[in-house]
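Residue-level structure breakdown
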There are 2 protein chains.
Amino acid sequence: MEKIKIGIMGYGNLGRGVECALSQNDDMALSFIFTRRDPSSIKPLTDGIKVVPADMAPEFADKTDVLILCGGSSTDLPVQTPKYAEFFNVVDSFDTHAHIPEHFAAVDAACLKGGHTALISAGWDPGMFSLARLYSSAVLPSGKTYTFWGRGVSQGHSDAIRRIDGVLDARQYTVPVDEAVKAAREGSVEEFSARQMHTRECWVVAAEGSDREAIREKIVSMPNYFADYDTTVNFISQEELNEKHRGLPHGGFVIRSGKNGANGEHTSSIEYSLKLDSNPEFTSLVLVAFARAVYRLSSQGQYGCKTVFDIPPALLSPLTPEQLRHELL
Amino acid sequence: MEKIKIGIMGYGNLGRGVECALSQNDDMALSFIFTRRDPSSIKPLTDGIKVVPADMAPEFADKTDVLILCGGSSTDLPVQTPKYAEFFNVVDSFDTHAHIPEHFAAVDAACLKGGHTALISAGWDPGMFSLARLYSSAVLPSGKTYTFWGRGVSQGHSDAIRRIDGVLDARQYTVPVDEAVKAAREGSVEEFSARQMHTRECWVVAAEGSDREAIREKIVSMPNYFADYDTTVNFISQEELNEKHRGLPHGGFVIRSGKNGANGEHTSSIEYSLKLDSNPEFTSLVLVAFARAVYRLSSQGQYGCKTVFDIPPALLSPLTPEQLRHELL
């Protein structure tokens, strides 16, 4: 059987994760790595892989079945995904929830122009958590869904701290509040505030002679990121940060409880949870599974932009429909 | 908007559950209840619903969009699902894992003959647990999946005990073994025996003067059902059974852990769990959500037999694709 040829655009944490993920999927193979950096500065893990300047990517379109876009959601993907969807089938992990509708529209238009299939917003949230929210709300219409993140490192919040004057480095952990998780599991239908659901724990390396109290104050009062949460700030040395906080673990829970029975006398609870040693590596594994589905849809002529909600689950698996019914149903 | 018209075939625990589930889904309405019993013996919860003899069901096919088959998997569904798939779009909860391939083939042939869509083996296992197994194995190819059931009442095992001479009534609880659940969560790749994963707890009402030790021995040595498990047998009065064990709670976990990273140095764990006060009511809610998908596929001319693996998740929800992307992605 010929392998599905996967290209990687952008070789950071996510790009390297996709490269590792491909080595676990026997029906797929890495075709090229595309980069905006100097190609000679990239050292792929895979022997003999060609590293190509991003600008030249369209010339390699006929040798790549699906291009996985491994850039960031703030500035890279809003440009790259529509741009490359004209030349390639693409998958991305666009995670700015509020801008998904406009991103979807731009990518869909590019797909239809080029005759390609795209899947946006794959990963774990959006992605696997979105699926958990959809399935659980479809089967428990009379209920409430809670999403908890953590305990894990938020790269966006860590970056926000690093931009403060006098901060050399930082790690921020998002931590779910136990009482809220417990209430959700017990079938609560309470509305929780942001503060009631998560706390934020910061580990900060301050420059010598900087005003730590001013840094602490800037963090805890930062709008959107920290002001609405109970935030603790801990100052540590760069060495300690490197030693104790260098990983990117994450995870969380989607919990939905609903009432059922003739008079709502019974409760059903559904919980989907993830515990990840490496956030970008797991995201990469999800991107690769959805790339398989995108390849299959494109082969069937099903063009346009899709999300995880549009994909029949069977398309994610290398197994045949007969094997799936026999082994996993 | 016109409501999706749902028929119920068989008015036991599951049929009544479907009737309750429909009242939570505003885009659907109960059309008819079909029964093999005397229709006058059926008292629907819904006002004004016509109860029709099962034999006359085909005459009502044009007034029913999807027929939900609420019979049992051992003798009812292998006959009923193919039979009615010729006249109706159908959904069933066929749960005899070993016979799914032949059931699928029979229902598929009937669907294609009649121009209908069927979905078999919906519920929680097979059903939601099957989806958890498929998604988690697709995104974590290098790993191992464990399915634990319980703590909950197994109706099949309870029935098996009731067939023993001298037994008047019985309830059997399937109980996951804590150590095995813990190992699965921690990323174990051990093979567990049936005995290592679950214990079986029996509550038995014996006839006066019966030999309890003989009954106990018959239960614990029963092949397939109990012989491979650590089984405890407790004798109680009918009153105590009625008071303390009359519900049908169930639930369980699907847990998959896998290795990732360049050298398998990281672990990812996925857990999907259910906690259900009423097993048949939750199964009914799943059947109804999949009936919505079957109606939509049939309206698009996508005929034939499907399983939960073939259904794009968006089709399960009453929300539009735009709403889903905006609210749940």
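Everything discussed here concerns the structure shown above.
Residues numbered from 1 in each chain as written. Chains lettered and ligands numbered in written order. Predicted model: local features only at pLDDT ≥ 70, side-chain atom pairs only at ≥ 80, totals over all residues. Heavy atoms only, no water.

Along its length, chain A carries 11 helices and 14 strands. By the compact-globule yardstick of 20 Å for 329 residues, chain A fits well, its C-alpha radius of gyration being 22 Å. Dimensions along the principal axes, computed over C-alpha positions, put chain A at roughly 65 × 55 × 35 Å. When contacts within chain A are restricted to residue pairs at least 6 apart in sequence, long-range pairs at least 24 apart make up 69% of them. Accessible area of chain A: about 13800 Å², with a carbon and sulfur share of 49%. Of note, chain A has its 32 positive side-chain charges centred 1 Å away from the centre of its 42 negative side-chain charges. (Helix = DSSP H or I, 4+ residues; strand = E, 2+ residues; numbered from the N terminus. Rg over C-alpha atoms; globule rule 2.2 N^0.38 Å. Contact = heavy atoms within 4.5 Å. Areas by Shrake-Rupley, 256 points an atom, 1.4 Å probe, with all protein chains shown as cover. Lys, Arg positive; Asp, Glu negative; His and termini not counted. Charge placed at Lys NZ, Arg CZ, Asp CG, Glu CD.)

On to the sheet that holds strand β11 (residues 230-235) of chain B, then. Spatially, β8-β9-β10-β11 (chain B) is the arrangement adopted by the four strands of the open sheet, whose pairing is mixed. Each having just a single partner strand, β8 (152-153) and β11 of chain B make up the two edges of the open sheet. (Pairing = 2+ DSSP bridges.)

This paragraph deals with the nonpolar core. The biggest cluster of nonpolar side chains holds 158 residues, and the ones touching the most others in it are Phe 282 and Phe 290 of chain A together with Phe 282 and Phe 290 of chain B. With near-sequence residues (within four places) excluded, Phe 290 of chain B lies in contact with Val 91, Leu 119, Ala 122, Met 128, Leu 131, Val 308, Ile 311 and Leu 316 of chain B. (Core = buried A, V, L, I, M, F, W, Y, C linked by side-chain atoms within 4.5 Å. Buried < 20%, exposed > 50% of the residue type's maximum accessible area, 1.4 Å probe, protein only.)

As a further point, take helix α6 (residues 178-185) of chain A. Residue and element names in this part refer to chain A. What α6 keeps buried is the set Ala 180, Val 181, Ala 183 and Ala 184. One side of α6 holds all its buried residues, which, seen down the axis, span an arc of 165 degrees. Residues of α6 that are exposed and point more than 90 degrees away from the buried face comprise Asp 178, Glu 179 and Lys 182. Just downstream of α6 lies Gly 187, where phi reads positive at about 95 degrees. (Arc of directions from axis to C-beta.)

So, about the side chain of Arg 171 of chain B. Residue and element names in this part refer to chain B. On the secondary structure map, Arg 171 appears in strand β9 (residues 167-176). No salt bridge is formed by the buried Arg 171, whose closest oppositely charged neighbour, Asp 169, lies at an N-O distance of 4.5 Å. Among the polar contacts made by the side chain of Arg 171, one reaches the main-chain carbonyl oxygen of Arg 246 at a distance of 3.5 Å. For Arg 171, the residues in contact, after removing those within four places along its chain, are Val 153, Ser 158, Arg 162, Glu 201, Cys 202, Trp 203, Leu 241, His 245, Arg 246, Gly 247 and Leu 248. (Salt bridge = Lys/Arg side-chain N within 4 Å of Asp/Glu carboxyl O. Polar contact = N/O pair within 3.5 Å; in protein donor to acceptor, adjacent residues only side chain to side chain.)

Looking now at the relation of the copies chain A and chain B. The pair of chain copies shares a relation made of a rotation about an axis and a shift along it. If you rotate chain A by 180 degrees and push it 0.0 Å along the axis, it lands on chain B with an RMSD of 0.0 Å. The relationship between the two copies is best expressed as a two-fold rotation axis. Both copies share a contact surface, since 100% of the interface residues of chain A are interface residues in chain B too. (Least-squares fit on C-alpha atoms with pLDDT ≥ 70 in both.)

A few words on the sheet that holds strand β1 (residues 4-9) of chain B. Residue and element names in this part refer to chain B. If you walk across this open sheet you meet the seven strands as β3-β2-β1-β4-β5-β6-β14, and the pairing is parallel. Strand pairing shows two members of the sheet lacking a second neighbour, β3 (50-53) and β14 (304-306), which therefore form its edges. Across the sheet, the mean angle from the axis of one strand to that of its neighbour is 25 degrees, orientation sign disregarded. Note: strand β5 (residues 89-91) against strand β6 (residues 117-119), two bridges, orientation parallel. (Axes fitted to C-alpha atoms, helices over the stretch in contact; angles between N-to-C directions.)

The next subject is unusual backbone geometry. All names here are of chain A. Cis geometry marks the peptide bond from Gly 150 to Arg 151, where omega comes out at -5 degrees. With respect to the helices and strands, Arg 151 occurs in the loop between β7 (143-149) and β8 (152-153). In this structure, Ser 121 is a non-glycine residue whose phi angle is positive, near 65 degrees. With a relative accessible area of 0%, Ser 121 lands in the buried category.

A word on the environment of Ser 221 of chain B. Residues and elements named next belong to chain B. Turning to its location among the elements, Ser 221 is positioned in the loop between α8 (212-220) and β11. Take Ser 221: its relative accessible area is 40%, and that puts it in the partly exposed class. When the C-alpha atoms of Ser 221 and Thr 231 are compared, they prove to be 9.3 Å apart, with 10 residues separating the residues in sequence. For Ser 221, the side chain forms a polar contact with the main-chain oxygen of Glu 217, separated by 2.7 Å.

All names here are of chain B. Between the first and last C-alpha of helix α10 (residues 279-299) there are 31 Å, a value that for 21 residues agrees with the 30 Å anticipated at 1.5 Å per step. With 18 of its 21 residues buried, α10 lies for the most part within the structure. Where α10 begins, the capping side chain belongs to Ser 278, and its oxygen is found 3.2 Å from the backbone nitrogen of Glu 281. Once α10 finishes, Gly 301 follows within two positions and takes phi at roughly 80 degrees, a positive value. (Expected span 1.5 Å × (residues − 1).)

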